[in-house]
Amino acid sequence: MGRRILNEALSAMVNAERRGKSIVELKPISTVMSSFLKIMKNRGYIKDFQVYDPHRVGRITVELQGRIKDCRAITYRQDIKAKDIEAYKLRTLPTHQWGYVVITTPDGVLDHEEAIERNVGGQVLGYFH
């Protein structure tokens, strides 16, 4: 259920970017979604996001920047070892220059560069470029 919510939210963001919108509202929300958005903000793909009423159904308002081309959640759980992250990135992302694979690890939700740096594996959550 959590992956479906994340996938619908990421699809809503991509669709809003294609329509030229500057703000999109996502609901329902999850903590994984806010972690995913935090990575996107740190990498410069979105401007900012605000979480409203996180203890109930809640909603997140995201300020878009116009850099997202594709953003997806992997709907099936796929384990990945630290040594296999680079090969998975090359296989998944359409270009080799930019884009990030997001992984849930014991250290938290990380992108592929941080996971390689910390030498941890986990489960693939999704990707964006």
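Structure first, text after, so check above.
Residues numbered from 1 in each chain as written. Predicted model: local features only at pLDDT ≥ 70, side-chain atom pairs only at ≥ 80, totals over all residues. Heavy atoms only, no water.

### Section: helix H3 (residues 85–92)
For step 1, the next point in the chain: Taken as a whole, H3 has its buried residues at Ile85, Tyr88 and Lys89. Down the axis of H3, the buried set is contained in an arc of 100°. They therefore lie on one face.
For step 2, the next point in the chain: Close packing links the buried residues of H3 with strand E5 (79–80), strand E6 (100–105), helix H4 (112–118) and strand E8 (122–128). (Buried < 20%, exposed > 50% of the residue type's maximum accessible area, 1.4 Å probe, protein only. Helix = DSSP H or I, 4+ residues; strand = E, 2+ residues; numbered from the N terminus. Arc of directions from axis to C-beta. Contact = heavy atoms within 4.5 Å.)

### Describing the pairing of strand E1 (residues 23–26)
For a regular strand, side chains alternate in direction, first toward one face of the sheet and then toward the other.
For step 1, the next point in the chain: Only one face of E1 is buried: it carries Val24 and Leu26, and the other face, with Ile23 and Glu25, is open.
For step 2, the next point in the chain: Two strands pair when backbone bridges link them, and E1 and strand E3 (residues 59–64) are joined in this way by four bridges, in the antiparallel orientation. Residue pairing in the sheet places Glu25 in a bridge with Thr61 of E3. (Pairing = 2+ DSSP bridges.)

### Details of the environment of Tyr127
For step 1, the next point in the chain: If you trace the backbone, Tyr127 turns up in strand E8.
For step 2, the next point in the chain: Each C-alpha atom of the pair Tyr127 and Gly99 lies 7.4 Å from the other, and the pair is 28 residues apart in sequence.
For step 3, the next point in the chain: For Tyr127, the residues in contact, after removing those within four places along its chain, are Phe36, Asp70, Cys71, Arg72, Ile74, Thr92, Leu93, Tyr100, Val101 and Val102.
For step 4, the next point in the chain: A distance of 3.5 Å separates the side chain of Tyr127 from the side chain of Asp70, its partner in a polar contact. (Polar contact = N/O pair within 3.5 Å; in protein donor to acceptor, adjacent residues only side chain to side chain.)

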